[in-house]
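# Remarks on the overall topology
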Amino acid sequence: MPSRSSRRASKTTPNAAFQRSGGANSRRTSYKYVIQRAQANPDSLSAEDVLTLQRAIGNLSTQRLLQPKPMPRTGDPSSPSIQRTPTTPSIQRDPWEQGNRTTGTGRGGFQIGGNRRWQGGTATGGTRGGFTIGGSRQPATTTTTAPTWQTGTTTATRGRVTLGSNTEERQKEILIRKIRDDYGIDLNQNAGVQAVRDAYPNAPEAVRNGLRARAWTLQELQDVDRALSHYSALLGANRPGVLGAQPITTFSRLEQGIDEDTPSGILDNTTAGETFTNNITMFDEGRDIRDFAADKSAPTADELRQGFRGTIEHELSHGLIESIPVNGQTMLEEFADQMTFWDDVSTCHYNDPLRPNSKQRRRELAIADGAEVPITMYGTTDAYEDLAESMMFYFEDPTRLAAECPERFAFIRDNVQPILDGNPIV
Amino acid sequence: MTPQDTSMQLHDWLSWRDLSRAEVEDKFNIAADMVQTDTSYVRVGGLDMLRNRAADKGRFYFRQDQFVVYVLESVGKGPNTIPSDEILASLGEAVAVLPARVGKRSKVHIYPEQGIAISELDHTVRLLEIFPPMSLAAYKDNFYYEPEPYIR
């Protein structure tokens, strides 16, 4: 079993990025200085400044760096917040979108990279003092397709929406762009709605029409980014040609999914995330995953956040890992072969013919036989879920996975991690 | 897999249930250590499972010398993918379509009198079961359970 430090050594860590950029203090000073200078004079930015910003956004602790700032007071003329009034231009509403939309004037906006290609509805408004780094300069008044969001800092009244934190808005935009550019993933709410509709054709039309988008929070976007970083060797420009086209190209965030593809299907409150053809969608339930809570009856915010991020990592295992070829079969088949718990990908070796659908009974029989059991009860469903749950713990709590499921930890270490490290697929 | 391949493969699968245990062992080079005794499949106990992965990815279940079921599983991605649409079309309308145990949106198409059940998801076969012709009730009593909800 490898030490955690050895696994970490192969990755680019925040600390390593710090060292390359001259240490914590110099870097912190550097990126803030660049932003201040950019706001004062956009034309003064150099290529090095762009790299500094990209490094700050991409490699360093996004949670710390991208903390939303306190909401400015509404009506304060010095406030950078955007005020919406009935007199502002109307919004072309996205039929799927439920979050509050914003339209209006922003100040000091900036953009890194090329031209924006946001998901969601269309917002029209002016931008003052806007500048673009590394891409085409936006005109003073422009029409862009804006990302959507819904956070605790956004308040809405009839005819008036106040965006609490312009900084947070920009942080989201930067993350959305980074996720698209680095991983080839478009954050696209419509794609999720369509994916669910397509996958549940037999559910009542009223239910399928009841699907609603939920705007990503900044924290969720940070978690998407971090989860994707684990799989970066399989995404975007890094993806090996031998694996073919990238199977997941959009991420979506909806309030609810549908529980079953039958005329009895309803909007459900039990599905946390779901992988579709080309799309992964996260649902509200994903914010209440308690696998990492010390006290499951009272999970902390950090533990729930870990559950949300872990669910993304779980779905990415379905979407990216299961089908990787290994030893003449897929990674999932190899996993099922090596785990004594499974006779095949959907058949448990420890089957009680009197209770074939009892996960608890499967575990009891396996433990009585001295076999290793999946890390979670849900992982006892089948090998698909077992591998996905193991991947989730490998990233979120490797110590526990190594201690409780050494065979699963070793399988990922020996078969999956080398691929995630960018080694050739044989 | 072309439609012709599919048709031929389906014919092969169905013909295997007519093989005796000795013929299966011979045809698939099943050695003694490839037999798992006193095992079960879904609701049927007291079985022997025969499998030689090098010869065929599926597995045969016998009760002593009596064929019980042949089971083939596939991830639905990668080199061993089996498209489901053509097979299902060639079999006609299923007697029953029920939630399957191979994924949240999966369904098992049951043709009990033809002795075949196909669990499919996203237009691929995930689980194929070949068995002696029987009634739908007998299939459910032997080879089916309703899966618990998938939550992620």
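## A closer look at the overall build of chain A
Regarding its fold elements, chain A presents 15 helices and 18 strands. Considering chain A as a whole, with its 426 residues, one finds that 54% of them fall into the buried category. At a minimum sequence separation of 6, the contacts of chain A that also span at least 24 residues come to 64%. Split by element, the accessible area of chain A, about 17,800 Å² in all, is 49% carbon and sulfur.

## Considerations on the pattern of salt bridges
As enumerated under the stated definition, the model contains 38 salt bridges over all chains in all. Among the ionic pairs, A:Glu205 bridges to A:Arg197, the shortest N-O distance being 3.0 Å. Between A:Lys359 and B:Glu148 there is a salt bridge whose closest N-O contact spans 3.0 Å. With A:Lys359 in helix H12 (residues 359-368) and B:Glu148 in the segment after helix H4 (136-143), this residue pair bridges two chains. Taking relative accessible area as the criterion, A:Lys359 reaches 11% and is therefore assigned buried. Judged by its relative accessible area of 36%, B:Glu148 falls in the partly exposed class. It is possible to trace a salt-bridge network through shared partners that takes in A:Arg214, A:Glu220, A:Arg253, A:Glu255, A:Asp284 and A:Arg287.

## Let's talk about the sheet that holds strand E14 (residues 278-282) of chain A
Residue and element names in this part refer to chain A. Within the open sheet, the four strands sit side by side as E9-E10-E14-E13. Their pairing is mixed. A single partner strand is all that each edge strand has here, and the edge strands are strand E9 (186-187) and strand E13 (273-276). With five bridges joining them, strand E10 (residues 248-253) and E14 adopt parallel strand pairing. By the bridge assignment for E14, arginine 253 is matched with methionine 282. Helix H7 (residues 189-199) contacts E9, E10, E13 and E14 of the sheet and is inclined by roughly 95° relative to E10.

## Quick word on the confidence of the model for chain A
Predicted coordinates in areas of low pLDDT are best not read in detail. Averaged over every residue, the pLDDT of chain A is 74; the share at 70 or more is 62%. In the model, residues 1-29 of chain A has pLDDT below 50 throughout and makes 32 contacts with residues more than four positions away in sequence or in other chains.

## A look at the packing of helix H11 (residues 331-338) of chain A against helix H13 (residues 383-396) of chain A
Residue and element names in this part refer to chain A. Running from amino to carboxyl end, H11 crosses H13 at an angle of 95°, the nearest separation of the two axes being 10 Å. Looking at the two axes, H11 sits roughly perpendicular to H13. Along the contact surface, H11 presents Leu332, Phe335 and Ala336, while H13 presents Ala383, Tyr384, Asp386, Leu387 and Ser390. In terms of residue class, the contact of H11 with H13 is built from six nonpolar, one polar and one charged.

## Things to note about the packing of aromatic side chains
The tally for this structure, following the rule as stated, stands at 18 aromatic pairs over all chains. With centroids separated by 5.0 Å and ring planes inclined at 80°, the aromatic side chains of B:Trp16 and B:Phe28 adopt a geometry described as edge-to-face. Of this pair, B:Trp16 sits in helix H1 (residues 3-16) while B:Phe28 sits in the loop between helix H2 (21-27) and strand E1 (35-41); the two residues are 12 residues apart in sequence, bridging distant segments of the chain. The same class applies to B:Trp16 and to B:Phe28, which are both buried. Ring centres of B:Phe62 and B:Phe67 lie 5.9 Å apart, and the angle between their planes is 75°; on these two criteria the pair is classed as edge-to-face. B:Phe67 matches B:Phe62 in its accessibility class, with the two residues each being buried. Cluster of aromatic residues (ring-pair linked, three or more members): B:Tyr41, B:Tyr61, B:Phe131, B:Tyr139 and B:Phe143. Geometry around A:Phe308 places A:Arg287 over its ring, the cationic atom sitting 5.4 Å from the centre.

Cut-offs and rules
The residue numbering used here restarts from 1 in each chain and proceeds along that chain's sequence as written. Think of it this way: whatever chain is written first is A, whatever ligand is written first is 1, and the rest follow in order. Restriction of local features to residues with pLDDT of at least 70 applies here, the model being predicted, together with a cutoff of 80 or more for giving and counting side-chain atom pairs; totals for whole chains, interfaces and linings are based on all residues. The basis for every side-chain value is the complete set of non-hydrogen atoms in the structure, without hydrogens or water. Numbering of helices and strands runs from the N terminus; a helix is a DSSP stretch of H or I covering at least four residues, while a strand is a stretch of E covering at least two. Exposure categories follow from relative accessible area, calculated using a 1.4 Å probe and restricted to protein chains: below 20% of the type maximum is buried, above 50% is exposed, and the middle band is partly exposed. We call two residues contacting when some pair of their heavy atoms lies within 4.5 Å. Working definition of accessibility: Shrake-Rupley area with a 1.4 Å probe, residue cover restricted to the visible protein chains. Salt-bridge detection follows one rule: a side-chain nitrogen of Lys or Arg within 4 Å of a carboxyl oxygen of Asp or Glu. In this scheme, strands are said to pair when DSSP sees at least two bridges between them. Only the contacting stretch of a helix is used when fitting its axis, a line to C-alpha atoms as for every element, and angles between N-to-C directions run 0 to 180 degrees. Confidence of the predictor at the level of single residues is given by pLDDT, which spans 0 to 100. Geometric relationships in this document are graded by angle, where less than 35 degrees denotes roughly parallel, more than 145 denotes roughly antiparallel, 65 to 115 denotes roughly perpendicular, and other angles denote oblique. Classification used: nonpolar for Ala, Val, Leu, Ile, Met, Phe, Trp, Tyr, Cys and Pro, charged for Asp, Glu, Lys and Arg, polar for all others including Gly. The criterion for an aromatic pair is that two Phe, Tyr or Trp rings (for Trp, the six-membered ring) have centres within 6.5 Å, with stacked assigned to planes under 30 degrees apart, edge-to-face to planes over 60 apart and tilted to the rest. Any Lys NZ or Arg CZ found within 6 Å of a ring centre and within 35 degrees of that ring's normal is scored as a charge over the ring.

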